[in-house]
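Secondary and tertiary structure notes
For reference, the chains in residue letters:
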Amino acid sequence: MNSPCDRSDEDNPVMSTQPETAQAATARVPAPSGVLALEARHLTKHFAVRSAGGALRRRRHLHAVDDVSLGLARGAVTSVVGESGSGKSVLARMLARIIAPSAGELLLDGEPLALGQRRRHEYAAAVQLVLQDPFASMNPVHRVSHHLARPLLIHGTPRSDLDSAMKALLRRVALDPPEQFMDKFPHELSGGQLQRVSIARALAVRPGVLLADEPVSMLDVSIRLGVLNLLAELREQERLAILYITHDIASARYLADDILVMYAGEVVERAPSISLTDSPAHPYTQLLLSAAPDPGRRVSTTPADRGAPPRLIDPGPGCRFQPRCPHAMEICRRESPPVFDVAEGHQVACWLQAPASERRGLLTTKSQHAALRRLEPIRDKGVKEAKPP
Amino acid sequence: MSALGSRVTRVAPWARRTEADTVLEIRGLCVDYGLGSGLHAVSNADLVLHRGEVLGLAGESGSGKSTLVYAATRLLRQPGVVTAGEVRLHSRPAGPDGPIEVIDLLAAGERELKGVRWSQISVVLQSALNALNPVITVRAEFDDVMKAHRPEMSRAERLARAVELLEMVGLSSDRLRNHAHELSGGQRQRVMIALALALEPQVVIMDEPTTALDVVTQREILEEVISLRDRLGFAMLFITHDLSLLIELADEIAVMYAGRMVERARADSLFAAPRHPYTYGLLNSFPPMHGERRAMTGIAGSPPDLRAVPGGCPFHPRCPYAIERCATEEPPLVALPGSSRQVACWLHTGGEPVPGELARTDATVASGEAALPTAAAVRRLPVTPGWGSGE
Amino acid sequence: MSVPTATLADPRLAIPLAGGEPAPVLGRRALRMPRSPKVIVGLVIVVVFVVLTVIGPWIAPYNPSATVFAPNLSPSGAHWLGTTSLGQDILSQLLAGTRATMVVGFAAGLIATVLSVLIGVTAGYVGGATDDGLSLVSNVFLAIPGLPLLIVIDSYLPSADRSNSVLIGAIISLTGWAWGARVLRALTMSLRNRDFVEASRIVGESRHRIMLVEVVPNLLPVLASSFLFTVLYAIGAYVALAYIGLTSTAVWNWGTMLYWAQANNAPLINEWWWFVPPGICIALVGTGLALLNFGIDEFINPRLRSGGLTGRAARRAGLPGLPRLGLTPVVRAAAGGAGARTDGLRLRGAARLPAHRRDVVE
């Protein structure tokens, strides 16, 4: 939100305590050339659902994730935004290899993954996951030193170096002086501090990829930015490839370079963060943006959305957002939309983005033609630009 | 920025306040967790709720916002104990000039509390899945409530009332046959709201009703709540940790920190011109959705352990504007001259020069102009040693 | 024999701290002394008997097997509990018998607990075919009636081995581990899905280290409770076996005392001093163990504690009674409400609290 407080830096010299990283955090990191640190191609996960009617009934499947492809580049933060049930957590766990995908493949540094115990060990040293609830992800009976020592020892740090390595990790996540935190139990730390310990634990194995599943959702509002800034620092200084999963699109815009929007297990839109929030093309993204509280917005633009949550069990053909979409067309019911390029790096899976010639054939009613002409992104100045139909 | 613009569909709240009657008064409330434990969950909190008003109570963990409200209505669980204060509920007047009964909730016995609960004050709890009975249908829930408080209603009357309530919150009467687990999160919350309105109470307390819901459902529920409030005119106490929700909802906002009330103001004043450094920091913790991307810092440090609250002003270790007085004396909550706003901060009440960002003019609300820093010097304070470490 | 119903509660159940997170069960609070009187009583009883286990035979005034005294004497100065019909000092038998009884009980408890951890945690964590197999085994042992199985096994024992307390304990533990294993299996299955176990897996921890180092420490309160109940069960089983006469009479224990008492018709001739003391001792030990279990329950689930308020403390503070849900207690100086009267307002206040000092209790 254009909060009244972020007028300018002159007003507020004391608030930004780290001017160097402030600069760094906002600099758009150029897309690094070369191989992606972690790449997912056509990842799919279907869970078998026990159906009433006994064993003779046909097996039903819950489509948690369907055909998701994404790439994580070093020194960049990619964000996946979606609601509960969108499949983002299942996606994270597939990327961390806790859940085996039903289809699709993963490539680590360009190499397809091999099976086997040793390879899993190596993978754990390359890809780490930070979970949502800091108090649940730490064993309450062990001290912080245990939580940090285990990954260090498992991945080869000699015992003589253990103490200094742990202290270095704690300093890395801005828990200074480290001695103050080493012997504490999880319940003696605050949520923000504990989440930093969680990140330190993930960093202990020196991964190249850090997956963060809603890392700040359970923290107090005033300390969320601290943790997000830490992730931004890690991107800069350690050149980590970071995946930031969240339901809060504002924080995704703050931290991430690119955003993927997921709905009902599919990616519906992907774009650089600024483009996505300034010109959302998919109706679901527009709905998300209008639903997020934003006092900077002039006009209340909530579309009337009383749709039901998406059907994940054996969804039929057709776009999954169609029941809730105010611009749904006949084709949306019949066929799943392909991905269209809207702008540089900006892709949308929506029939409304089909090129003009195709689209005319798809629209059936006058109101849909009119709706398409009106369809445009929400801008904060309230000035609307007409988009050619 | 004008917050008014985003509420075009609602009547300006101060236009509505013709009867500025108080409906719930809390004075000097102190709540401890465990007698003699030294854990002060709420310290000397004052709260006044007027008829038909929407008061947002904002704060983070340990702020005591839920504790304050539950203790005032005697619903606080073990080991909470009220150790000081007064809570008065002004009941509905019998007629236009009829006498108003004032009930002292802290001194009330069980029977009296039962008479007050649900018919005068009701609560919408945080997690509807946990609050609704999993083994009975929605219809049975309504029946329970109405049988307990309106035993004279017949079965048909109860059913009619239940249907009416469900329609009021936007659910079809088919839902009466469902159990709690068959409903979505948003539907369950609507059922909770309908139950809370069953006896047309004067005060509805909403304790973080949308925390467990996704953004889109949250928006729907909030709009539903706003329209119900406009229609039925009850007073609402909305507890939340997410200040941004209160923009469109609240008439007034009270901010709490470490069990104390630190600021209270009209909603648009608070957003446009915060006075307390904590409020300012909190508002500065929401990344913007538009405009240039720049680094933000939120507030350094973390909310204090309630057993070891810093002396003086509890916020002073995290406050970038702290002066020496803040470490030794706790600032009282006082009204600012010339307005109904209240702040508990030595910067405003101790004769100190006020930093520009905490002294923006309130007039920005009506005129829509951009606020300018006041002529008062913008003080540059040295960073308190130790601030910024550990968090 | 049963295991308490208090499940492994979510550690976040106590007083909230700064982050909104309350202190969990273990950690630094593990060694806090119990405050509830019933737990202290239980602890005292058990400690007394444990001490007697060690020093019992030494402080016994006479040799328990010596038949030199006058038979059937009632309690007197020289024989505090009188003598048996064979002229043995009953007090000496009681004191000496404490050792065998308690050793068997604790040995059985220990072995059964170890077995239940091994089988229950493995079944719960590994799952799949291992779980099916181990569950089958524990179900079988659960279904077989304990005492008859003990009788059968015991009757096959060579009589030399019948005097080995630890061996008897081990045999009794065979019938006592299954219930604990089931409970631990269920708890492990729920713990397995907790985030911190998942986090350990992500970090690359090996399976058996996770079970031993991450899962079991979280089960300690339930284990302690299960151990105490197994001890109780074992003492009962041992006494029953001895009473039937299946244990060696060379080793004194309370059950054998009852056996001899019954064989000599002590109840009929009203020699209460022979069979009542061992019965009381068994009951006392049982009570002590059960009270200790309450303490563990309260430890696991702090909500069972009355918020630091006992009935007496609450009354001292001026509250009408223990706090109930929906009636948050108010403890303050007398409310000045009743005096104020203004136009159009009628001030009501029921049940005014009496003026009292704001006592700090406990």
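Keep in mind that what you see is a predicted model, and the values were worked out from it rather than measured. (Residues numbered from 1 in each chain as written. Chains lettered and ligands numbered in written order. Predicted model: local features only at pLDDT ≥ 70, side-chain atom pairs only at ≥ 80, totals over all residues.)

1. Notes on the overall build of chain A
To be explicit about the condition: Per the convention used, a helix needs a DSSP run of H or I reaching at least four residues, while a strand needs a run of E reaching at least two, with both numbered from the N terminus. In this scheme the burial state of a residue depends on its C-beta neighbours within 10 Å: 20 or more other such atoms mean buried, 12 or fewer mean exposed, and anything in between means partly exposed; the C-beta positions come from the backbone.
Within chain A, the secondary structure is distributed over 14 helices and 12 strands. Taking all 389 residues of chain A together, the buried fraction comes to 49%.

2. A short note on the overall build of chain C
Put simply, the rule reads: By definition, residues are in contact whenever their C-beta atoms, placed on the basis of the backbone, come within 7 Å of each other.
Tallying secondary structure elements over chain C gives 11 helices and 1 strand in all. N-terminal to C-terminal, the α/β element order of chain C is α-α-α-α-α-α-α-α-α-α-α-β. Nonlocal contacts in chain C, meaning residues at least 24 apart in sequence, comprise 68% of its contacts between residues at least 6 apart.

3. Notes on the sheet that holds strand E11 (residues 339–343) of chain A
Residues and elements named next belong to chain A. Which entries qualify depends on this criterion: Strand pairing requires that DSSP identify at least two bridges connecting the strands. The convention used is that axes are lines fitted to C-alpha atoms, helices contributing only their stretch in contact, and that angles between N-to-C directions extend from 0 to 180 degrees.
As summarised here, the arrangement of the 8 strands in space is E6-E7-E8-E3-E9-E10-E12-E11, forming an open sheet in which the pairing is mixed. With partners counted over all chains shown, the strands left at the sheet margins are strand E6 (127–130) and E11, one partner each. Shown here is a sheet whose adjacent strand axes are inclined to one another by a mean of 20 degrees, direction ignored. Pairing geometry for strand E9 (residues 258–263) and strand E10 (residues 266–272), over 6 bridges, is antiparallel. Looking across to E10, one finds that leucine 260 is bridged to arginine 270. In the packing of helix H8 (residues 221–237) onto the sheet, contacts are made with strand E3 (76–81), strand E7 (209–213) and strand E8 (241–246), and the angle to E8 comes to roughly 155 degrees.

4. Side note on the domain arrangement of chain A
All names here are of chain A. Selection rule: Domains are outlined according to an automatic or database domain assignment. Any residue that is not Ala, Val, Leu, Ile, Met, Phe, Trp, Tyr, Cys, Pro, Asp, Glu, Lys or Arg is counted as polar, Gly included; the first ten are nonpolar and the last four charged.
Along its sequence, chain A is carved into domain 1 (34–263) and domain 2 (280–374). Taken together, the contact pairs 11 residues of domain 1 with 14 residues of domain 2. Only strand E2 (60–72), helix H9 (249–255) and E9 provide two or more residues apiece to the side of domain 1 that touches domain 2. Sort the elements by how many residues they give to the side of domain 1 that touches domain 2 and E2 lands first, with 5 residues. When the residues that make up the side of domain 1 that touches domain 2 are grouped by side-chain class, the tally is 7 nonpolar, 3 polar and 1 charged.

5. A few points about the confidence of the model for chain C
Predicted coordinates in areas of low pLDDT are best not read in detail. Residue and element names in this part refer to chain C. Definition in use: Every residue is assigned a pLDDT by the predictor, reflecting its confidence on a scale from 0 to 100.
In the predicted model, chain C carries a mean pLDDT of 76, and 75% of its residues have values of at least 70. Throughout residues 1–31 the model reports pLDDT below 50, and contacts reaching past four residues in sequence, or to other chains, amount to 79 contacts. Low confidence marks residues 334–362, where pLDDT is under 50. Its contacts with residues over four positions away, or in another chain, come to 55 contacts. Both scores are available for the predicted complex, with the pTM at 0.78 and the ipTM at 0.78.

6. Concerning the packing of helix H7 (residues 191–203) of chain A against H8(A)
Residue and element names in this part refer to chain A. The test is simple: Geometric relationships in this document are graded by angle, where less than 35 degrees denotes roughly parallel, more than 145 denotes roughly antiparallel, 65 to 115 denotes roughly perpendicular, and other angles denote oblique. Handedness of a helix crossing follows the sense of rotation of the near helix relative to the far helix, less than a right angle counterclockwise being left-handed and clockwise being right-handed.
One can describe the packing of H7 onto H8 by two numbers: an axis separation of 10 Å at closest approach and a directional angle of 15 degrees. With respect to H8, the axis of H7 lies roughly parallel. Seen along the crossing, H7 lies across H8 with a hand that is right-handed. The segment H7 lies against H8, with Gly192, Gln195, Arg196 and Ile199 engaging Ile223, Gly226, Val227 and Leu230. For the contact of H7 with H8, the per-class residue count stands at 4 nonpolar, 3 polar and 1 charged.

7. Some details on the sheet that holds strand E3 (residues 54–58) of chain B
Whenever strands of a sheet pair, they do so through backbone hydrogen bonds, lying parallel or antiparallel. Residues and elements named next belong to chain B. Strand order in the open sheet formed by 8 strands is E6-E7-E8-E3-E9-E10-E12-E11, with mixed pairing between adjacent strands. The sheet is open, and its two edges are formed by strand E6 (121–124) and strand E11 (334–335), each paired on a single side. Relative to strand E9 (residues 252–257), E3 runs parallel, the two being bridged by 4 bridges. Of the residues in E9, the one forming a bridge with leucine 57 is alanine 254.

8. As for the pairing of strand E7 (residues 203–207) of chain B
All names here are of chain B. Heads up, the condition is: When the strands point away from the viewer and the connection leading from the first strand across the helix to the second strand turns clockwise, the crossover is called right-handed.
With 5 of 5 residues buried, E7 lies mostly within the body of the structure. Residues Val203, Ile205 and Asp207 point to one face of E7 and Val204 and Met206 to the other, with burial holding for every one of them. As paired elements, E6 and E7 share 4 bridges and run parallel to each other. Directly across from isoleucine 121, in E7, lies its bridge partner valine 203. Across 5 bridges, E7 lies against strand E8 (residues 235–240) in parallel orientation. By the bridge assignment, valine 204 is partnered in E8 with methionine 236. After leaving E7, the chain enters helix H8 (residues 215–232) and then returns to the sheet as E8, a path that is right-handed.

9. Overview of H7(A)
The following threshold applies: An expected span of 1.5 Å times one less than the residue number is assigned to each helix.
In this model H7(A) runs 18 Å from its N-terminal to its C-terminal C-alpha over 13 residues, within 8% of the 18 Å that 1.5 Å per residue would give. Within H7(A), 13 of the 13 residues are buried, which leaves the element mostly enclosed by the surrounding structure.

10. Examining the pairing of strand E4 (residues 103–108) of chain A
Every regular strand shows the same layout, with side chains that alternate between the two sheet faces. All names here are of chain A. Examined bridge by bridge, strand E1 (residues 38–49) and E4 share 5 bridges and lie antiparallel to one another. Its bridge partner lying in E4, threonine 44 is registered against alanine 103. Bridge analysis of E4 against strand E5 (residues 111–112) gives 2 bridges, and the strand direction is antiparallel. Residue pairing across strands places leucine 107 opposite proline 112, the latter belonging to E5. Where E4 folds back on E5, the antiparallel hairpin that results is connected by 2 residues, among which aspartate 109 adopts a positive phi of roughly 55 degrees.

11. Examining the confidence of the model for chain A
Residue and element names in this part refer to chain A. Scored by pLDDT, chain A has a mean of 80; 76% of the residues are at 70 or more. Predicted confidence is poor over residues 1–32, with pLDDT under 50, and the contacts of this stretch with residues over four places away or in other chains come to 65 contacts. Every residue in residues 376–389 is under pLDDT 50, and counting partners more than four places away or in other chains gives 19 contacts.

12. Considerations on helix H2 (residues 90–126) of chain C
Residue and element names in this part refer to chain C. As a reminder, the rule being used: The quantity called bend is, for any residue, the angle between two axes fitted respectively to the seven residues ending at it and the seven beginning at it.
For H2, built from 37 residues, the straight-helix expectation of 54 Å at 1.5 Å per residue is met to within 8% by its first-to-last C-alpha distance of 53 Å. Along its length, H2 shows its largest kink, about 30 degrees, at glycine 97. Most of H2 is tucked away: 31 of the 37 residues are buried.

13. Some details on unusual backbone geometry
For residues besides glycine, phi is generally negative; the peptide bonds are generally trans as well. Of note, the bond from Asp176(A) into Pro177(A) is cis; its omega dihedral lies within 30 degrees of zero at -5 degrees. Positive phi, normally seen in glycine, also occurs at Asn270(C), with a value near 60 degrees. Within the element layout of this structure, Asn270(C) appears in the loop between helix H9 (254–263) and helix H10 (272–300). Looking at Asn270(C), the number of C-beta atoms within 10 Å reads 10, which means it is exposed.

14. Re the packing of helix H5 (residues 138–149) of chain B against helix H6 (residues 155–168) of chain B
All names here are of chain B. Closest axis-to-axis distance for the H5/H6 pair is 10 Å, and the angle between their directions is 115 degrees. Considering how the two elements wind past one another, H5 and H6 form a crossing that is right-handed. The segment H5 lies against H6, with Arg139, Phe142, Asp143 and Met146 engaging Arg158, Arg161 and Ala162. Its residues assigned to classes, the contact of H5 with H6 shows 3 nonpolar, no polar and 4 charged.

15. Focus: the environment of Phe142(B)
All names here are of chain B. Assignment of secondary structure puts phenylalanine 142 in helix H5. A residue is classified by how many C-beta atoms lie within 10 Å of it, and phenylalanine 142, with 22 of them, is buried. Separated by 217 residues in the primary sequence, phenylalanine 142 and alanine 359 have C-alpha atoms spaced 50 Å apart.

16. Notes on the environment of Ala40(A)
Residue and element names in this part refer to chain A. Looking at the secondary structure, you find alanine 40 in strand E1. Assessed through the 21 C-beta atoms surrounding it within 10 Å, alanine 40 is described here as buried. In the structure, alanine 40 is positioned 68 residues away from leucine 108 in sequence and 8.9 Å away in space, judged by C-alpha atoms. Excluding its chain neighbours within four sequence positions, the residues that come into contact with alanine 40 are Val68, Ser69, Leu70, Leu95, Gly104 and Leu106.

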